[in-house]
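# Close look at the chain arrangement
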Amino acid sequence: MAHDAHDRTLVARAAAGSETAFRTLYRAYVRPVYWIAYGILGDAGDAEDVTQEAFVVAWRKLPDLELAGESLLPWLATICRFQAANRLRRRQRDAAHTAAGMDEQVPALIDVEQQVIAAEFADRIAAELGGMSVLDREIFRLCATEGWDYRAAAAELGVGHGVVRNRLSRVRTRLRGAVTETEPAS
């Protein structure tokens, strides 16, 4: 299967109702979507909930999606950010309705500046991944998001074990660079 058309093909099949295709997309992107949610919310439980909510929304909206690029991640990241923002608003509403004596027990809420930074963080990761070669994206998907070892990924992609190891190292360095660029100057 041509990897450059992989997401596009799966999106078309999932939009037509294929649960198998959607499960494949879910497995490919659940970890990056979770980390985007966690970066915004700072809470593992909320991040898990928002990740699931994002995929439910994605499933409903897939029939109307026209995939702009080759990767579904930027679209999923956008859905995730909206779901996370909704979760933050619910937290703030709940905190506002909490009795004054309970204020010490309410966890600190992420302020607007942190939300903006988290959204920029997610955008930069998605843009960085979108700007990589098809091979680099596939190596990242297999090894970093699906947990494949180097040899299995190399066999799947028809390249050498060293190629996978070296390219994955470069991909991670690029993504760390994208993350570092989003940190606010003190």
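Structure: see above.
Now for a description of the structure that goes with this document. (Residues numbered from 1 in each chain as written. Predicted model: local features only at pLDDT ≥ 70, side-chain atom pairs only at ≥ 80, totals over all residues. Heavy atoms only, no water.)

## Observations concerning the environment of glycine 39
Operational definition: Here a strand is any run of E in DSSP of at least two residues, a helix any run of H or I of at least four, and the numbering for each starts at the N terminus.
Summarising the element assignment, glycine 39 is placed in helix 2 (residues 19-41). Along the sequence, glycine 39 and alanine 122 sit 83 residues apart, while their C-alpha atoms lie 8.3 Å from each other.

## Examining the pattern of salt bridges
Using the following cut-off: Counted as salt bridges are all cases of a side-chain nitrogen of Lys or Arg within 4 Å of a carboxyl oxygen of Asp or Glu. Any residue under 20% of the maximum accessible area for its type is buried, any over 50% is exposed, and the rest in between are partly exposed; the area is computed with a 1.4 Å probe on protein chains only.
Evaluated as defined, the whole model comprises five salt bridges. Across the salt bridge formed by arginine 91 and aspartate 46, the nearest N and O atoms sit 2.7 Å from each other. Separated by 45 residues along the polypeptide, arginine 91 in helix 4 (residues 73-96) and aspartate 46 in helix 3 (residues 44-61) bring together distant segments of the chain. Aspartate 46 carries the same exposure label as arginine 91, and that label is buried. A salt bridge links aspartate 136 to arginine 167; the shortest N-O distance between them is 2.5 Å. Taken together, the residues aspartate 136 in helix 6 (residues 134-145) and arginine 167 in helix 8 (residues 161-182) connect sequence positions 31 residues apart. In this structure aspartate 136 comes out as buried when scored by relative accessible area, which is 11%. Look at arginine 167 and you get partly exposed, because its relative accessible area is 22%. Each of Asp46, Asp49, Glu53, Arg87 and Arg91 takes part in salt bridges that share partners, so that together they form one network.

## A closer look at the packing of aromatic side chains
So the rule is basically this: Pairing of aromatic rings covers Phe, Tyr and the six-membered ring of Trp, with a centre-to-centre limit of 6.5 Å; geometry is then stacked below 30 degrees between planes, edge-to-face above 60, and tilted otherwise.
Counted by the stated rule, this structure contains six aromatic pairs. Between phenylalanine 22 and phenylalanine 55, the aromatic rings sit 6.3 Å apart at their centres with planes inclined by 75°, giving edge-to-face as the arrangement. Taken as a pair, phenylalanine 22 in helix 2 and phenylalanine 55 in helix 3 lie far apart in primary sequence, 33 residues in all. Residue phenylalanine 22 shares its accessibility class with phenylalanine 55, and that shared class is buried. Under the relative-accessibility criterion, phenylalanine 55 is labelled buried at 4%. Three or more aromatic residues link up through ring pairs in this structure, and these residues are Phe22, Tyr26, Phe55 and Trp59.

## Section: the nonpolar core
To keep it simple, the criterion reads: The criterion is simple. A nonpolar core is a set of buried Ala, Val, Leu, Ile, Met, Phe, Trp, Tyr and Cys residues joined through side-chain atoms within 4.5 Å. Contacts were defined at the residue level, with two residues in contact if any of their heavy atoms lie within 4.5 Å.
By size, the foremost hydrophobic cluster in this structure holds 47 residues, and its most contacted members are Tyr29, Val33 and Leu72. Of all the elements in the fold, those that place two or more residues in this core are helix 1 (6-15), helix 2, helix 3, helix 4, helix 5 (112-130), helix 6, helix 7 (150-157) and helix 8. Here this core gets 12 residues from one element, more than from any other, and that element is helix 2. Setting aside residues no more than four positions away along its own chain, leucine 72 makes contact with Asp7, Val11, Leu25, Tyr29, Leu65 and Leu67.

## Some words on the side chain of aspartate 46
Counted only if it meets this: Pairing of N or O atoms within 3.5 Å defines a polar contact, subject to two protein rules: one partner must be a possible hydrogen donor and the other a possible acceptor, and residues neighboring in sequence count only if both atoms are side-chain atoms.
What makes aspartate 46 buried here is its relative accessible area of 15%. Within the structure, the side chain of aspartate 46 is placed 2.9 Å from the side chain of arginine 87, a separation counted as a polar contact. Not counting chain neighbours up to four residues away, the residues in contact with aspartate 46 comprise Leu41, Arg87 and Arg91.

## Digging into the packing of helix 1 against helix 2
Heads up, the rule is: Only the stretch in contact is used when fitting a helix axis, every axis being a line fitted to C-alpha atoms; angles between N-to-C directions are given from 0 to 180 degrees. We call two directions roughly parallel when the angle between them is under 35 degrees, roughly antiparallel when it is over 145, roughly perpendicular when it lies between 65 and 115, and oblique otherwise. With the far helix as reference, a near helix turned anticlockwise by less than a right angle produces a left-handed crossing, and one turned clockwise produces a right-handed crossing.
At a minimum axis separation of 8 Å, helix 1 and helix 2 run at an interaxial angle of 135°. By the angle between their axes, helix 1 is oblique relative to helix 2. Remark: the crossing between helix 1 and helix 2 carries left-handed chirality. Taken together, the residues of helix 2 that come into contact with helix 1 (itself represented by His6, Asp7, Leu10, Val11, Arg13 and Ala14) are Ala21, Phe22, Thr24, Leu25 and Tyr29.

## Description of helix 7
Put simply, the rule is: Here the arc refers to the directions that run from the helix axis out to each C-beta atom.
Residues of helix 7 that are buried include every one of Ala153, Ala154 and Leu157, and no others. Looking straight down helix 7, one finds that the buried residues subtend no more than 100° of arc, so they occupy a single side. Relative to its buried face, helix 7 has exposed residues pointing more than 90 degrees away, namely Arg151 and Ala155. Where helix 7 starts, the residue carrying a side-chain oxygen 3.1 Å from the main-chain nitrogen of arginine 151 turns out to be aspartate 149. Once helix 7 ends, the next one or two residues include glycine 158, with phi positive near 70°.

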